[in-house]
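Chains, contacts and geometry: an overview
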Amino acid sequence: MSELVPSVLARKWLGFGASICVQAFAGNTYAFPNYSPTLKKVMHYNQLQLNNLGVAKDLGENVGLIAGLVCNKLPPWVLLSIGAFNGLVGYGVLWLASTGRIPPLPYWQMCVALGIGANSSTWFNTAVLLTCMRNFPHSRGTVVGILKGFVGLSGAIFSQLSTAIFPDNPIMVLFLLAVAPTIVSLVAMHFIVPVKPTAGCGDDPDEQEHFVFIIVTCIGLAIYILGVTILDNFVSLRGGFTSKVIAVVMLTFLAVPLLIPSRIYVGNLAKWNKWPISTHMRGPASEPLLKAERPRRDVENDSSTSSLKDMASQSGGGESEESLFAVAYGAFWRLKKGPRRGQDFKLKQALVKADFWLLFFSFLCGVGSGVTAINNMGQLAEAQGYSDVSMFISLIGVWNFLGRLGGGALSECFVRAKGIPRTIWMATAQGLMLIAHLLFASAIPGSLHAGSAILGICYGAQFTVMVPTASELFGLKHFGIIFNFITLGDPLGSFLFSGWLAGTLYDREAERQREWTTERPFVTPLPSTLWGILMSQGQGAQCRGAHCFRLTFLVMAGVCVVGVISSLILSYRIRPVYRMLYEAREATISNSKSKDAEARDNLR
C-alpha cells in the first residue's frame, strides 16, 4: 500500500497544478477594459450601452446556479468541457462581429454573446474549486486563495499575451479570450480529478511545504508581471522579440507548480516507501473489511458535523478527537430542528438564515463597488488624460492576485491561530477600498496608479474570504449551489452601480460638457451639479476631466461603508463558531501530544 502513496499524492498535486493553469486563463472578464474602448468606437456605443454590456459580462460570469446544481452529478471534465464551449462560442462571436467578419449584430445579441463567453468562467471555477477543496479539506483557505488569485491575475496575463502577439490591435484580445482558455481547459481536464483519502492517500506531511513553494512561485510571477508593467511605462516593450520572451517567461512560471508531482513521482519514491502506514495514512488496508453498523442516530449526527470536523482535525486524533468535538459542539448549540452553522445546508435552508444574507450583502457591497471601477477603468483613464489603459489593467490584475492570495492565507492563519472569523478581513478590505474610491474621485496626480493597486488587492480579498466562509458556515455537500448563489452579488452590484449609476452619470456629464463647450468653446468645463447630472441626456459623447466619475466614486465610497458595517455584524454573529473550531483544534492537538508522550513513556 505504501508504494501507492506517491502516485496518488502526485495525482492530487498534478490536478492542483492543472487547476492553476485553468484559473490563470479563467478570468476572461478582467480583460474587459483592454478591448472595451475599441469596442465602443467600433460598434458606436455610448457609455451607458458599454456599461450594460459589462453588466451582461458580469451576469454571465456569476450566474452559476446550473453549474452548482449539476456539479455533484457530473465529473469535473464535463464541467470544464461546457466552460470551454461557452468561451469559444461567446468570445468567438464577439470577435467575428467586431472585426467585420460577420454582419454587425444587434445590441442585445452582443450582450447575449458576451454573457455566454463570460459564463465559461463559472464552470471553470465550480469544477476546479470544488475538486481541489475536497482534495485538500484541511487547507481550504490556502487552496481558494491560490486558485482565485490566478483568476484575478488573468487580466494581466491576457494583457501581456496580447501585447506580445497583437501589439497594435486591442480588439484581437477577443480572439485570445476565445481560444486560449479553451485549449488550456481541454488539456487540463485529464488531470483534474477528485482523489479520496480512502483510495490510498492519507495526510501529506509535506503539504504545507508544497503550498509554501507554490505561494512563493505565485508571488514571483506577480512581481515579474508588475516589474515588466512598470518597465514598459518607461521603455516600450511592445511588439518584437522582447515582448515574446516576456510572455514565454510568464507562461513558464505557470508550469512551475507541476514540479511538485514530478518530485513525488521521481525523486521521493524511496522516502515514501519508508513511511509506516499506520502513522501517515488511514487507508482501506488499515481498516476491517466489514464494519459493525452503528445506530441510525449516530450516523446522522456524524454526517451532520462532518464539515466542521474537517476544519477542526488538523492532526490525527482518532476517537478522542471525535468525542472532544461532540462535547464542544453539544455544549454550545441548543437542540433545534434543521441544520446549524457548520453543518450541511441545502440552498433553501440557507436562504432563511440571517448569516447567509449578511454574507451576501457584504459581498455585494465589496465586489459591486469594485467591479464598477474595473468595468469603467478604460473610460476613467481616458477622462484623466491617459491614452493607454494596459498599465492600470496590469496593476489591478497583479494586486488582485496578491489580494486573493493574501486574503486566503491570512484568514487561514488567524482562524487556526486565534479562531478569528474570516469576515473580519472582508471588513478590513472594504475599508481600504473606500480609500481607492476616494482617490478615483479626487483625480489628483498619481491617484489612478495608487487607486488601482488598492482596488485590486481589496477586490481580490473579497472572493477568497467569502468562499471558505460559506463552506464553513453551510458545509461542503451543497457548496456548489450555495457558492454560486452568493456570487450573484457580483452581477447585481454591477447592474446597480456600474450599468445604471456609473453609465448614466457619465453620459449625462459628457452631454453637459459638450453643451457647455459648444456654447463657450474657450471655457474649461466646471464640475457639474447633481441637478444638472440628473436632468441632462446622454448622446454617447466623450467626457474629459475629473468630474466625469467624481459623483460615482463618492457613492461607491458610501457603499463600502455599508459593506464594512455588514461584515462586522456578521463577524460578531459567527465568532462563537470560529472560537469553537479553534478550541476543538487546540484540544485535539493537546490530546495527540499527550498520547505521543504516553507512548514514549511506555517504550521506556
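Residues numbered from 1 in each chain as written. Predicted model: local features only at pLDDT ≥ 70, side-chain atom pairs only at ≥ 80, totals over all residues. Heavy atoms only, no water.

The name given to the protein in an unreviewed UniProt entry is Nodulin-like domain-containing protein, and the organism recorded there is Taxus chinensis. Quoted verbatim from the Subcellular location (unreviewed entry) heading of the UniProt record, the comment on the protein is "Membrane". (UniProt positions renumbered as here; feature names shortened; annotations may be inferred.)

Side note on the environment of serine 390
Along the chain, serine 390 turns up in helix α20 (residues 390–418). Put simply, serine 390 and proline 33 are 357 residues apart on the chain and 8.2 Å apart in space, counted from C-alpha to C-alpha. (Helix = DSSP H or I, 4+ residues; strand = E, 2+ residues; numbered from the N terminus.)

Let's talk about the packing of aromatic side chains
Tallied over the full model, the rule gives 27 aromatic pairs. Following the ring pairs from residue to residue traces out a cluster consisting of Phe345, Phe356, Trp357, Phe360, Phe474 and Phe485. (Phe/Tyr/Trp six-rings, centres within 6.5 Å; stacked < 30°, edge-to-face > 60°.)

Brief notes about the packing of helix α9 (residues 207–234) against α20
Interhelical geometry of α9 versus α20 gives an angle of 155° and a closest axis separation of 10 Å. Between α9 and α20, the crossing angle belongs to the class labelled roughly antiparallel. Note that α9 runs across α20; the crossing there is left-handed. Between α9, through Gln208, Ile215, Cys218, Ile219, Ala222, Ile225, Leu226, Thr229 and Asn233, and α20, the contact on the second element is made entirely by Met391, Ser394, Leu395, Val398, Trp399, Phe401, Leu402, Leu405 and Arg416. (Axes fitted to C-alpha atoms, helices over the stretch in contact; angles between N-to-C directions. Parallel < 35°, antiparallel > 145°, perpendicular 65-115°, else oblique. Left-handed = near helix turned anticlockwise from the far one by under 90°. Contact = heavy atoms within 4.5 Å.)

Comments concerning the nonpolar core
One finds Phe16, Tyr35, Ile146 and Phe150 to be the most contacted residues of the largest nonpolar core, which totals 150 residues. With 13 residues, helix α6 (residues 107–135) is the single largest residue contributor to this core. Those residues in contact with tyrosine 35 that sit more than four places away from it in its chain are Tyr91, Leu114, Pro170, Ile171, Val173, Leu174 and Leu177. (Core = buried A, V, L, I, M, F, W, Y, C linked by side-chain atoms within 4.5 Å. Buried < 20%, exposed > 50% of the residue type's maximum accessible area, 1.4 Å probe, protein only.)

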